[in-house]
Amino acid sequence: MDSAALGRLNDLPRARLGCWPSLFQQAERLSEELGCEIWLKRDDAQPPALVGNKLRKFELVIGRAQAEGRDTLVTTGALQSNSARVGAAAAAAVGMRSVLVLSGQEPEPVSANLLIDHLVGADVRYAGDVDWNYLNTAVNDIVSELHRKERKPFSAPVGCSSPLGSLGFALAFLELHQQLQITGLEPSAIVHTSTSGGTHAGLLVGRAVADSDVDIIAVDVGAIYSDPAASIAGLAHEAASLIDFDLKLAPEDLRITTDQLGPGYAVPTEAGNEAVRLMARTEAILLDPVYSGKGFGGLVSMIRSGELEGPVVFWHTGGQVALFDPEFAAPFQP
Ligand SMILES: Cc1ncc(COP(=O)(O)O)c(C=O)c1O
């Protein structure tokens, strides 16, 4: 363990909004059904408006914004973005305002994450049918607009995968590392869902700080980068430099699978939906068809093909709010 780097991580300004450490538990019925010892890291078990992996990132982003006296968070994502919803909720919880730029048009009625965005008082701007790069540019435009109005904005990109946000997952790795030491568990791998890469990048930084060699496998369900390994390794290096940590990591060191992407981001797949049903039936734990269902589908597929042996940790990154959107709930109608 690099205790100096750990100290610098712990010293980062942080808005304490979640219940940490998140639960770490063995999934007994699931393990029995799949014939493989599976443990769950439960970032889905958090306050409802703040639930999911993005809370770890926004705790640092909001912490920094508060330390700098900013008054408005500007962030972005898809129409049903978990990240944007957590950003808006985290801002509300500390008395900041928020502006969200979301792709798509306002649906009628609004539901799920989008409903929460409105409930927590976000100023929601609909950007129409645009790509991720457009959304990040739109955030910069709104930041300029707010500066002109003499407000004090602080921005976070798609997925809150800035170098600072990613460090939330370096802290997360260290949290799990401690739980592994307490339980005496030595997993063959940690598997998690990945899109904008901040979760993966942060876990890689945390693993290096802890001097651990556990495998980290990202199930990419977004395909937003043309070269994900290079982009995420680059993000990990930028994040590490914020805490003056000399990260030794090459793109070839990353393990990323795109097997579960199917037709594309936010398009449900049979394997992902089967994973949602399996987790709900065996453990009464909710996944979602866009992120964690596909991610867990990846783990199931690696177990069934013999590529992975237990014990293995599935990092449940949340996303279950999407089940309350009629579009994503459709495949699960009785
Ligand atoms: C539920 C859920 N899981 C996983 C991810 C992927 O995390 P990252 O964007 O850090 O790769 C997201 C991103 O939006 C998410 O909402």
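Before reading on, note that the structure itself is shown above.
Here's what I pulled together on the structure shown here.

The rules behind each value
Residues numbered from 1 in each chain as written. Predicted model: local features only at pLDDT ≥ 70, side-chain atom pairs only at ≥ 80, totals over all residues. Heavy atoms only, no water. Axes fitted to C-alpha atoms, helices over the stretch in contact; angles between N-to-C directions. Helix = DSSP H or I, 4+ residues; strand = E, 2+ residues; numbered from the N terminus. Parallel < 35°, antiparallel > 145°, perpendicular 65-115°, else oblique. Contact = heavy atoms within 4.5 Å. Nonpolar A, V, L, I, M, F, W, Y, C, P; charged D, E, K, R; others polar. Core = buried A, V, L, I, M, F, W, Y, C linked by side-chain atoms within 4.5 Å. Buried < 20%, exposed > 50% of the residue type's maximum accessible area, 1.4 Å probe, protein only. Domains from an automatic or database assignment. Pairing = 2+ DSSP bridges. Near = heavy atom within 4 Å. Polar contact = N/O pair within 3.5 Å; in protein donor to acceptor, adjacent residues only side chain to side chain.

## Considering the packing of helix α10 (residues 270-283) against helix α11 (residues 292-304)
Relative to each other, α10 and α11 sit at 90°, their axes nearing to 8 Å. The orientation of α10 with respect to α11, classified from their angle, is roughly perpendicular. Between α10, through Ala271, Gly272, Glu274, Ala275, Val276, Leu278 and Met279, and α11, the contact on the second element is made entirely by Gly293, Lys294, Phe296, Gly297, Val300 and Arg304. Partitioned by chemical class, the residues of the contact of α10 with α11 number seven nonpolar, three polar and three charged.

## With respect to the nonpolar core
Judged by nonpolar contacts, the single largest core of 57 residues is most densely connected at Phe58, Leu167 and Val205. Going through the elements one at a time, α1 (3-10), α3 (54-67), α4 (82-93), α7 (163-183), α8 (198-210), α9 (228-242) and β10 (312-316) are the ones with two or more residues in this core. Composition of this core by domain shows at least three residues from each of domain 1 (3-52 + 162-332) and domain 2 (55-160). Excluding residues that lie within four positions of it along the chain, Phe58 makes contacts with Gly63, Leu73, Thr75, Ser83, Val86, Gly87, Ala90, Ala156 and Cys160. Within the second largest apolar cluster, 29 residues are counted, among which are Ala27, Leu299, Val312 and Phe328.

## A closer look at the pairing of strand β2 (residues 38-42)
In terms of residue burial, β2 counts as a mostly covered element, since five of its five residues are buried. A two-sided burial pattern is seen for β2, the buried positions comprising Ile38, Leu40 and Arg42 on one face and Trp39 and Lys41 on the other. One ladder, built from four bridges, connects strand β1 (residues 23-26) with β2; its direction is antiparallel. Pairing of Gln25 across the sheet is with Leu40, part of β2.

## Thoughts on the site of the ligand
Around the ligand, the surrounding shell holds 16 residues, and the nearest of these are Lys57, Thr195, Ser196, Thr199 and Thr317. In the environment of the ligand, an oxygen atom lies 2.7 Å from a nitrogen or oxygen atom belonging to the side chain of Thr199. Separating a nitrogen atom of the ligand from a side-chain N or O atom of Thr317 is a distance of 2.6 Å. When residues of the shell around the ligand are traced back to their parent elements, those giving at least two are α3, β7 (189-194) and α8. Tallied by class, the residues present in the shell around the ligand amount to one nonpolar, 13 polar and two charged.

What is shown is where atoms sit, not what they do.
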